[in-house]
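# Coordinates in review
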Amino acid sequence: VAGLKWTPPAGWKSSGTTAMRAAKYPVAPSPGDHDAAECAVYFFGQGQRGDIQANIDRWEGQFKTAAGRPAPAKVAKITIHGLPVTTMDVSGEYSGVGGPLAAAPAKATGYRLLGAIIEGPGGNIFIKFTGPAKTMAANKPKFQQLLDSVQKAEK
């Protein structure tokens, strides 16, 4: 996808693809959480879906603090296998549970999003991992494994 390949961590099996999702990895809830998490890899086409900052802002805007204010995200720029990557980590009340096509998005408290935008030779891929805080904390190393595996695909 976009000239990139990756290897999902052990235990993560893709539940399929769609026109926009190159992969979707459901992650079972950790003890104490009721909901599962989901890690989705999106590719919309070269130059599609806005610039990196617009996507970071959109993802961050899906989270609020207990006081109803926008939840601040931790954003970093790193390099993985020579590829520029922007990562983010944000927690709080999540309004994106219903998905982009939902009539009225559901809200979930105690959620977290780990995200990455990887600048590939054929365009950006977007990795969005969301779910309840305990499940996300338990699977953060696996998310990092996924990111660390991303590299240019051989031609």
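Only a predicted model underlies this, so the values are computations on that prediction, with no experimental measurement involved. (Residues numbered from 1 in each chain as written. Predicted model: local features only at pLDDT ≥ 70, side-chain atom pairs only at ≥ 80, totals over all residues. Heavy atoms only, no water.)

## What about the overall build of the protein chain?
Put simply, the rule is: Only DSSP runs of H or I reaching four residues or more are called helices, and only runs of E reaching two or more are called strands; each is numbered from the N terminus. Relative accessibility decides the category of a residue: with a 1.4 Å probe and only protein chains considered, values under 20% of the type maximum give buried, values over 50% give exposed, and everything between is partly exposed. The contact rule is simple, with two residues in contact once any of their heavy atoms fall within 4.5 Å. Using the Shrake-Rupley algorithm and a 1.4 Å probe, accessible areas are obtained, with residue cover drawn only from the displayed protein chains.
When you go through the protein chain residue by residue, the secondary structure sums to 2 helices and 9 strands. Starting at the N terminus, the α and β elements of the protein chain follow one another as β-β-β-α-β-β-β-β-β-α-β. A total of 155 residues make up the protein chain; the buried ones form 40% of that total. In the protein chain, of all internal contacts separated by at least 6 residues, the share reaching a separation of at least 24 is 57%. Total accessible area on the protein chain stands at roughly 8,200 Å², and carbon and sulfur atoms take up 54% of it.

## What about the pattern of salt bridges?
Here is the rule we go by: Here, a salt bridge means any side-chain nitrogen of Lys or Arg that lies within 4 Å of a carboxyl oxygen of Asp or Glu.
Under the definition given, this model contains 3 salt bridges. Residue Arg21 pairs with Glu38 through a salt bridge whose shortest N-O separation is 3.1 Å. Taken together, the residues span a long stretch of sequence, with Arg21 in strand E2 (residues 21-27) and Glu38 in strand E3 (residues 37-42) at a distance of 17 residues. Here Glu38 falls in the partly exposed class, since its relative accessible area comes to 27%. In this structure, Arg112 engages Asp89 in a salt bridge whose closest nitrogen and oxygen atoms are separated by 2.6 Å. On the criterion of sequence distance, the pair formed by Arg112 in strand E7 (residues 108-120) and Asp89 in strand E6 (residues 83-94) is long-range, its members being 23 residues apart. Given the relative accessible area of 14%, Asp89 is considered buried.

## Side note on the side chain of Arg112
Which entries qualify depends on this criterion: What qualifies as a polar contact is a pair of N or O atoms within 3.5 Å, subject to a donor-acceptor requirement within protein and to the restriction that residues adjacent in sequence count only when both atoms come from side chains.
Of the residues examined, Arg112 reaches a relative accessible area of 14% and is grouped as buried. Within polar-contact distance, the side chain of Arg112 engages the side chain of Asp89 at 2.6 Å. Residue contacts for Arg112: discarding those within four places in its chain leaves Phe63, Asp89, Val90, Ser91, Phe129, Thr130, Gly131, Met136, Ala137 and Lys140.

## A look at the confidence of the model for the protein chain
Here is the rule: Confidence of the prediction at every residue is given by pLDDT, a number between 0 and 100.
Per-chain confidence: the protein chain averages 88 in pLDDT, with 89% of residues scoring 70 or above. Long-range and interchain partners of residues 99-104, a stretch whose pLDDT sits below 50, account for 0 contacts in this model, where long-range means more than four residues apart.

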